[in-house]
Structures are given as C-alpha cells and as structure tokens.
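Analysis of the macromolecular model
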Amino acid sequence: MQNNFEENSAVASRAAVASTAVANTFGIALSVRNVHKHYGEREVLKGIDLDIAPGEFVAIVGRSGCGKSTLLRLVAGLEAGQDGELHYDGHAQDSRHDTRIMFQDSRLLPWKRVVDNVALGLPPHEHINAEHVLGQVGLRERRHEWPARLSGGQRQRVALARALVHKPRLLLLDEPLGALDALTRIEMHALIESLWREHGFTALLVTHDVSEAIALADRVVLIDEGRITLDLRVDLPRPRHRGHAAFAALEERVLRRVLQQPPNDTNPDKEHTGDVSLHRTVDQVRWAV
Amino acid sequence: MSTPQKKTLFDRTLPWLLPVLLISAWQFAAHVGWLSSRVLPEPLKVFESAWELLKSGELLHHVLVSTRRAFIGLAIGGGLGLTLGLLTGTFRRAETLLDTTLQMIRNVPPLALIPLVILWFGIDEAAKIFIVAVGVFFPLYMNTYHGIRSVDPALIEMAKSYGVSGWRLYRDVIFPGALPSILVGLRFALGFMWVLLIVSETISATEGIGYMTMNAREFLRTDVVLVGILLYALLGKLADIIARGLERFWLRWNPNYANA
C-alpha cells in the first residue's frame, strides 16, 4: 500500500535496471527507500521508492510543488532531515564527492572569468581540464569572458562544463533548461545527451517539460503530491525525434496522467503561471512544449 | 538644427560655463574694487599666492603632512572597520557580541569627541589621527557587514556543493560578493576623512593645510585661506578618483562598472 505504482511499470523498470547495470560501471547506482520529508506540518514527500541503475538517465516530472525538486535536493545532500534511506552504490553516506548538481539558474560567480568558474573547486593541477571541458560544450573561445557577457544558454553550458569537469558519477539536473528559449533548449538536449553517453554518469533530471523528459530519459517518473504515480520506460532509439509517432504517443500518455491529477489546491499561490497551460487540452500543451 | 558633433562639444563645455562666468565676475568685481581684498581677493592674486607657496616648498610640506594624517587615520579606522565588519558579517556570535555596542557608539558624532580627545592626546598628532580613524570606521564597518550579509546564498550553496569550503569559500565567493558594498563604504569613508581632518586641523595644529589657513587668518591673508580651501576640494576630488579607479578595477566583471 506504500506505493500506487502504475500497471507493469515497476516490474519493467526493475528488469531494465538489471540490463543497463551490466553495460555501465562508471555511474552511481542510486536507491531511494521509503523517503518522507516534512516542512513543518506539510508533508512534501510521502514515501518515495526509486531505483536508478548505474549510467541510467531518469527524468522526474510533475506539477510545481509536487516535491520533485525536494527529492533532488535530498539526493544532492543539500537538504537533510528526511525519513527513509538513500543509498549510493549501496552505501548510506551521501557521496557529495561524486555528485554534481546543475541548477535552474546558472549560479556562475560573476567575478570570475568563464574558465575560472569552471575550475571552481578543482585542485590546481587539474585546472587544465577546465579548458578541455569548455571545448566540449563549445565555449573554449569565450573562456576569458565575464559571465555577464554570455547569453542565458551559454551560461548554462558553462554551468554544465563546471559540473562535468569534476567527472561526477551522478549528475543532478534541477530544471536546468527551464529559463531558456525553445531553440536553445533543443540544442542543450543534444549536448547533454551526447555528453551523458560519452561520460557514462548516472543522470537524474527534474523538469516540468514532458517532451524534454521523453527526449532525454531512459525512464520518466511522475511525482504527484509527494508520491510516484507513474514510472515509465522510454524505449525509443537515440537520438530521439519529436516528430515520431511513438514519441508523440508517449508524450501524450504522460501528459494525460499529469492532467488526470487535480491541481494542487492545498497551495494555490505556489503554482506558477505556466501551470495554467495544464488546464488546457493535451494537444494544446504539446504544441506549447 | 545642430549636428551631433556640435552637440557633444556644447554638452562638454556646458558644465564649465558657470564656473568660468563666476570666476570672471569675481575677478572683475575685485579688480574694480567692489570687493575688498580682505573679503575676497581677486582670483589672480589667489593663484599667485598658491604659486609662491608652491615655490617656497611650504605648500607641499603642509599637503604632505595633511595627507599623511588622513591616510594613517584611514588605515587604522578603515582597517578596523573592515575587520570587524567581516567578523560580525561572518559569525553570528561576533554579531551578537559586538553589534549592539557598535550601533550605540555609531550615534555619537566623531566631532563631539574633540574635547575628550584633546584631554587624552593633547593637541598632538595622535589626536587628529584618532578623530579621522573614528570617523572612517563606521562607513566601512556598516557596509562591510551589510555586504557580507547580502552575498547571494544560492552562490554559497552552489560553491559548497562543489567542494569549496573554509578559507577558499571566503576568498572565492563571500569576499568578492561583498566587495561592491565594501567599496561604497570606502567612498563614504574618504568623504568623511577630509571633513574630519579639516576640523581637527583648524582646532589645533602646528603644520598641515588646516594650520596654514588658520595661520593665514591671523595675518588677514584671505588669499592663502582660499588656497587652503581649494586644496581641500582638490584632495577630496583626488580621493574620489582613486576610489572610482579601485571600483573600476575590482568590479570590472560587473557591467555597471565595466565602462565609462
């Protein structure tokens, strides 16, 4: 009774976990066991169970205020005080050293040049890697610029480079593309996907953009009111094309599930204005995202 | 209509129009005798006296003495303000311990301390430096404290999650984040510095610009008094230029300071 998982998905995902685990030994295996989190009286997470295989790319979707960012921050070790257990490769202690997080705003230090931002927290003898990773995100030429002179998309690419230069085994993405325009977002999807395949880290992406989740993730997990209500495998070949019928069908399926849930009435003032679109028909929403 | 270039030239000369007119009127009025030279000697006479003082080396001596006092006071008071501001901004304990006391002392005008200072230090060098140090302490303390407190917590969270902590967190995130505010404090402090120095030098001194003007008053040398006043204006402007230069260099990452 602790979980109201969807149909066959739980079984399917466990099987898939086993199959990807053989292929990848670099990424962290993450397991979340019956995690609860309260803020005062309010229970934000009501018993989350989630297994992520090494190297797997998992996207968490849900309405704003559903608890998805809280889960990510718990995994990152940025918040504490939860009940339940988090295991990284089977160990209980949080592995900050192997984990890097990318935030919605780039959080670059404005007083450091691009290359020094990327090198933040690196031991001196590894500073040379900063330039290399900047090359991977296509910003090697801009390495001596101030962050203020970059566009929003470029800043997020710098933030991505800053995360990757530490060779994380678990990369957490907290709506990193939420503030970008649609075209830049699609470019970033391709970049993130190629770097994920190259580096082999485990990725956990929080997003409210269902199409983004399906474009990138091996699995899409839907959280509603603090519970996982859908855990869906995305078996489309990569790179994925939004135009395909299978893509559209999956996207519609997830969106329908999101829309089935009544809006979170307990906290209406926390809803973004963007969520108004969720009250429209599925087709309109698909066009919008 | 005028061309854009003409307009720029006009715009550039416009701020100087009023000073030039005023000085011309002053020169004219003094020259024809409408103004007694005891009230206001003609500008040419002022420049002549300045030149005389410069040639004799007297002017440079007084300027150096005053500047030395000003900057020793700034170094002591400002340095203390910066240190305590960093301390109370960073550690809650230090804030609880010190802030109430400092806020109470802040409400005492530094010039109100002059009688006490004279009793303590006599009319010695230390008296003037003390007054300046007290005056520049608070702008630097307040702005440093505020700067540290207003560093974006999101940046600190990010840096910590990227393995930056302790001294490196301070050097790479907290101090640079507070620097714009600290420099605002420095500019205020430089303003106070001259005001306090002038007052303490006119009360009691045996050298320095304040002494020079007070001495000139005794001999009814209004021209030399004016030279002293103009010197203060010049030195104040110079301090401001230095502060702006520091801002432009240290805050060059900030588009608001980068050009101009």
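What you see is a predicted model; the values in this text were computed from it and never measured. (Residues numbered from 1 in each chain as written. Chains lettered and ligands numbered in written order. Predicted model: local features only at pLDDT ≥ 70, side-chain atom pairs only at ≥ 80, totals over all residues. Heavy atoms only, no water.)

Residues and elements named next belong to chain B. Volume-wise, the largest pocket comes out at about 560 Å³. Along its surface, the largest pocket is lined by 19 residues, and Phe47, Val227, Leu230, Leu231 and Leu234 are the ones closest to its centre. For the lining of the largest pocket, the leading source of residues is helix α10 (residues 222–250), giving seven residues. Here the residues of the lining of the largest pocket sort into 19 nonpolar, no polar and no charged. (1 Å grid on protein atoms, 1.4 Å probe; cavity = no way out; pocket = protein on both sides within 12 Å on 5 of 7 lines; lining within 4 Å. Points joined across faces, edges and corners; volume = space filled by probe spheres on them. Helix = DSSP H or I, 4+ residues; strand = E, 2+ residues; numbered from the N terminus. Nonpolar A, V, L, I, M, F, W, Y, C, P; charged D, E, K, R; others polar.)

This structure, assessed with the given rule, holds 33 salt bridges over all chains. A salt bridge links Glu157(B) to Arg73(A), with the nearest nitrogen and oxygen atoms 2.5 Å apart. Of this pair, Glu157(B) sits in helix α7 (residues 153–161) while Arg73(A) sits in helix α2 (residues 68–76), each in a different chain. Side by side, Glu157(B) and Arg73(A) carry an identical accessibility label, which is buried. The shortest N-O distance in the salt bridge between Glu145(A) and Arg149(A) comes to 3.6 Å. Using a relative accessible area of 23% as the deciding quantity, one classes Glu145(A) as partly exposed. Since its relative accessible area comes to 58%, Arg149(A) is described here as exposed. Where salt bridges share partners, they join Glu56(A), Arg219(A), Asp231(A), Arg233(A) and Asp235(A) into one cluster. (Salt bridge = Lys/Arg side-chain N within 4 Å of Asp/Glu carboxyl O. Buried < 20%, exposed > 50% of the residue type's maximum accessible area, 1.4 Å probe, protein only.)

Residue and element names in this part refer to chain A. Structurally, arginine 169 is set in the loop between α5 (152–164) and β6 (170–174). Taking the C-alpha atoms as reference points, arginine 169 and arginine 100, separated by 69 residues in sequence, lie 8.2 Å from one another. Sequence-distant contacts of arginine 169, that is, excluding residues within four places in its chain, are made with Phe26, Gly27, Ile28, Asp89, Asp98, Phe201 and Thr202. (Contact = heavy atoms within 4.5 Å.)

Residues and elements named next belong to chain A. Within the element layout of this structure, arginine 185 appears in helix α6 (residues 182–199). Residue classification places arginine 185 among the buried residues on the basis of a relative accessible area of 19%. Beyond its immediate sequence surroundings of up to four residues, arginine 185 is in contact with Leu177, Leu180, Asp209 and Glu212.

What follows deals with α7(B). Of all the residues in α7(B), the buried ones are Ala154(B), Leu155(B), Glu157(B), Met158(B), Ala159(B) and Ser161(B). Summarising the contacts, the buried residues of α7(B) are in contact with α2, β5 (99–102) and α5 of chain A together with α8 (166–203) of chain B. Capping of α7(B) at its N-terminal end is provided by Asp152(B); its side-chain oxygen lies 3.0 Å from the backbone amide nitrogen of Ala154(B). Looking at the residues trailing α7(B), positive phi occurs at Gly163(B), about 80°. (Polar contact = N/O pair within 3.5 Å; in protein donor to acceptor, adjacent residues only side chain to side chain.)

Residue and element names in this part refer to chain A. Spatial strand order, β2-β1-β4: three strands in an open sheet with antiparallel pairing. Edge positions in the sheet fall to β2 (42–52) and β4 (83–88), since each has one partner strand and no second. Averaged over neighbouring strand pairs, the angle between their axes works out to 20° when direction is ignored. Judged from the eight bridges that link them, strand β1 (residues 30–39) and β2 form a sheet pairing that is antiparallel. Counterpart to serine 31 in the pairing with β2 is aspartate 51. (Pairing = 2+ DSSP bridges. Axes fitted to C-alpha atoms, helices over the stretch in contact; angles between N-to-C directions.)

On to the interface of chain A and chain B, then. In this assembly, 23 residues from chain A lie in contact with 17 residues from chain B. Viewed at the interface, chain B and chain A are joined by three salt bridges. For the pair chain A and chain B, the number of links is seven residue pairs in polar contact (both at pLDDT 80 or more). At the level of elements, β5 and α5 of chain A are the ones that each hand at least two residues to the side of chain A that touches chain B.

Residue and element names in this part refer to chain A. When pLDDT is averaged along chain A, the result is 82; 81% of the residues meet or exceed 70. Confidence drops under pLDDT 50 across residues 1–22; counting only partners more than four residues distant or on other chains, this segment forms 28 contacts. Considering only residues more than four positions removed or in separate chains, one finds that residues 265–289, a stretch of pLDDT under 50, has 26 contacts. (pLDDT = per-residue confidence, 0-100.)

Right, let's get into the packing of aromatic side chains. This model, assessed by the stated rule, comprises nine aromatic pairs over all chains. An angle of 15° between the planes, with centres 6.3 Å apart, marks the rings of Tyr141(B) and Tyr145(B) as stacked. Of this pair, Tyr141(B) and Tyr145(B) both sit in helix α6 (residues 125–149), four residues apart, roughly one helical turn. Take Tyr141(B) and Tyr145(B): they sit in the same class, and that class is buried. Among the aromatic residues, ring-to-ring pairing joins Phe137(B), Phe138(B), Tyr141(B) and Tyr145(B) into one connected group. Looking at Arg100(A), its charged tip hangs above the ring of Tyr162(B), at a distance of 5.1 Å from the centre. The ring of Tyr162(B) carries Arg162(A) above its face, with NZ or CZ at 5.0 Å from the centroid. (Phe/Tyr/Trp six-rings, centres within 6.5 Å; stacked < 30°, edge-to-face > 60°. Lys NZ or Arg CZ within 6 Å of the ring centre and 35° of its normal.)

Consecutive side chains along a regular strand alternate between the two faces of the sheet. Residue and element names in this part refer to chain A. Following β1, the chain reverses through two residues before pairing antiparallel with β2; glycine 40 in that reversal takes a positive phi of roughly 60°. Taken together, the five bridges between β1 and β4 define a ladder with antiparallel strand orientation. Looking at β4, one finds that leucine 30 is bridged to tyrosine 88.

A word on the sheet that holds strand β9 (residues 227–233) of chain A. All names here are of chain A. In space, the six strands of this open sheet follow the order β5-β6-β7-β3-β8-β9, with mixed pairing throughout. Of all strands in the sheet, those with a lone pairing partner are β5 and β9, marking the two edges. Taking each pair of neighbouring strands and ignoring which way they run, the sheet shows an average axis angle of 15°. Pairing geometry for strand β3 (residues 57–61) and strand β8 (residues 219–224), over four bridges, is parallel. Bridged to valine 58 within β8 is arginine 219. Strands in contact with helix α8 (residues 245–260) are β3, β8 and β9; relative to β9, the strand with the most contacts, it is inclined by about 170°.

The next subject is the confidence of the model for chain B. For chain B, per-residue confidence averages 88 on the pLDDT scale, and 96% of positions sit at 70 or higher. Under the prediction, the complex receives an ipTM of 0.77, its pTM being 0.78.

A cluster of nonpolar side chains, Phe10(B), Leu14(B), Leu17(B), Leu18(B), Leu21(B), Leu22(B) and Ile23(B), forms an exposed patch at the surface whose accessible area comes to about 730 Å². Assignment of secondary structure puts Leu18(B) in helix α1 (residues 4–31). (Patch = residues over 30% accessible without salt bridge, like charges linked within 9 Å, V, L, I, M, F, W, Y side chains within 5 Å. Areas by Shrake-Rupley, 256 points an atom, 1.4 Å probe, with all protein chains shown as cover.)

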